[in-house]
Structure formats: structure tokens, C-alpha cells
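An overview of the molecular structure
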Amino acid sequence: MIYCLTGKVVKKTLDAAVISCGGVGYLAQVPASVAAALPGPGGEATLYTVMNVTENDVSLFGFASEAQRECFLLLTGVSGVGPKVGLAILNVLTPDRAALAISAGDHKAFTAASGVGPKLAQRIVLELKDKVGKGLVEGVSLSDVSGAAAAPAAGAAQAIAALVSLGYSQSEAALAVAKIDDALPVEEIIKLALRSMAGRR
């Protein structure tokens, strides 16, 4: 089992990279966001890897962090989610966003990924809800997730509904509102949530 690779980038494409370690070039498929962040050929890089062995193929998948690697393993443990779909999900969601979406029951967040339809998205949320709730995704801000997933107070619930109507996803709105004192007036909660989300975008 190859846990990680540290070496020189020999070549990179939109969804793969070749890392040279000890004179051997390892080809790893990576999310597009990871490929974009890697240095050009000749630069040093570390990829956390997952080796996928099937009857006809041995593939290596690379990630920028251990949290991303753990999230990939969690996602590909769901029936119907293969490595390609796992990579597609990590192209559109960071591990903490994925954990929040699962915890908040926001299956629509996963449909933004190529190859994920509504039924598969619902299965991902159903199968992983308990695992994420128990904190099995390492590196994820699970205190934020549990806070956002708890039943919101009336003011917070109104604020979340207002943010969703403005075009934010349920999980984005829940995460922003969870960090704000729900004793504040609804208008103030919305204002502070909008300010915090504007800073993230």
C-alpha cells in the first residue's frame, strides 16, 4: 500500500500527475483542483494516495491532504460510487463541505459533481450520515458540522430559509448561521451570515 508520494513533478495534466520518487515515476489520477495547485515539472510535491486494484487494472489516486484522501475512501465505500465519481465529487466539494452536506442531509450538493444523479446523491447522504456524525472523516471541522446539523432555533431557521432563497445551498447557509448567536434578530443573523459567506467566496 502506497500511503503518500513525495518527489519531483515529471508531468501534470488536468486530472493526473506523474511524481518521480527514487527514480520511479508514479502516475496518479487527481481531482482537477489538486492538479491545478501542483507545481510545474521539476517542482517538489507530496500526494496522499489510494491504490485501487481491480481484476484488470491497478490505479493510483492522489490527493493534496489526508482529509481529502479519507473523504475519497469514505465516498468510494458507498455502493455505486467508483473512483471516477469520487474524484468528481472532490472536484466540486472540499472534505468539510462534503461532511457538512451529508450531516445536513443536503444531497443536492453532490449532484453538482459529474456522474452523480439525485438517486446516487441521496444514497451517499443516507449511507454516510452516521459515519460523518461519529466523526470518521479526519481533518473535517466536525464541531461546525454538528452545530449546523442540530435543529436550528426559530430565528436561525428563518435566516437559513432566507439565505437559501438568495441562492445559497442549504449546507452553506446552515454552516454560516451555526456560527452566529441565534438570539440575535433574524435580520442581523442574515446580515452577519452574508458577510461571512462573502468573505469565503
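This text follows the structure it describes.
A brief report on the enclosed structure follows. Model, not experiment: these values are computed from the prediction.

Here is what the cut-offs are and how they apply
- Residues numbered from 1 in each chain as written.
- Predicted model: local features only at pLDDT ≥ 70, side-chain atom pairs only at ≥ 80, totals over all residues.
- Heavy atoms only, no water.
- Axes fitted to C-alpha atoms, helices over the stretch in contact; angles between N-to-C directions.
- Helix = DSSP H or I, 4+ residues; strand = E, 2+ residues; numbered from the N terminus.
- Parallel < 35°, antiparallel > 145°, perpendicular 65-115°, else oblique.
- Left-handed = near helix turned anticlockwise from the far one by under 90°.
- Contact = heavy atoms within 4.5 Å.
- Core = buried A, V, L, I, M, F, W, Y, C linked by side-chain atoms within 4.5 Å.
- Buried < 20%, exposed > 50% of the residue type's maximum accessible area, 1.4 Å probe, protein only.
- Pairing = 2+ DSSP bridges.

Once that is clear, we can look at the packing of helix H2 (residues 66-76) against helix H3 (residues 83-92). Here H2 crosses H3 at 130 degrees, and the two axes come no closer than 9 Å. With respect to their mutual orientation, H2 and H3 come out oblique. Classified by chirality, the crossing of H3 by H2 is right-handed. Residue-level contacts link Gln68, Cys71, Phe72, Leu75 and Thr76 of H2 to Pro83, Gly86, Leu87, Ile89 and Leu90 of H3.

Turning next to the nonpolar core. Judged by nonpolar contacts, the single largest core of 29 residues is most densely connected at Leu75, Ile89, Phe110, Val116 and Ile124. When sequence neighbours within four positions are dropped, the list of residues in contact with Phe110 reads Leu75, Ile89, Leu93, Ala98, Ala101, Ile102, Val116, Ala121, Ile124 and Val125. Judged by nonpolar contacts, the second largest core, of 15 residues, contains Ala156, Ala159, Ile160 and Tyr168.

This brings us to helix H8 (residues 170-178). For H8, a buried count of 7 out of 9 residues is recorded, marking the element as mostly surrounded by other parts of the structure. For H8, the full list of buried residues reads Ser171, Glu172, Ala173, Ala174, Leu175, Ala176 and Val177.

Below, the discussion takes up the pairing of strand E4 (residues 44-53). Relative to E4, strand E1 (residues 4-12) is paired through 5 bridges, and the arrangement is antiparallel. Bridge assignment links Thr6 to a residue of E4, and that residue is Thr46. Two strands pair when backbone bridges link them, and E4 and strand E5 (residues 58-63) are joined in this way by 6 bridges, in the antiparallel orientation. Residue pairing for E5: Val50 is matched across the bridge by Phe61. Where E4 hands over to E5, the hairpin turn is made up of 4 residues, counted between the paired strands.

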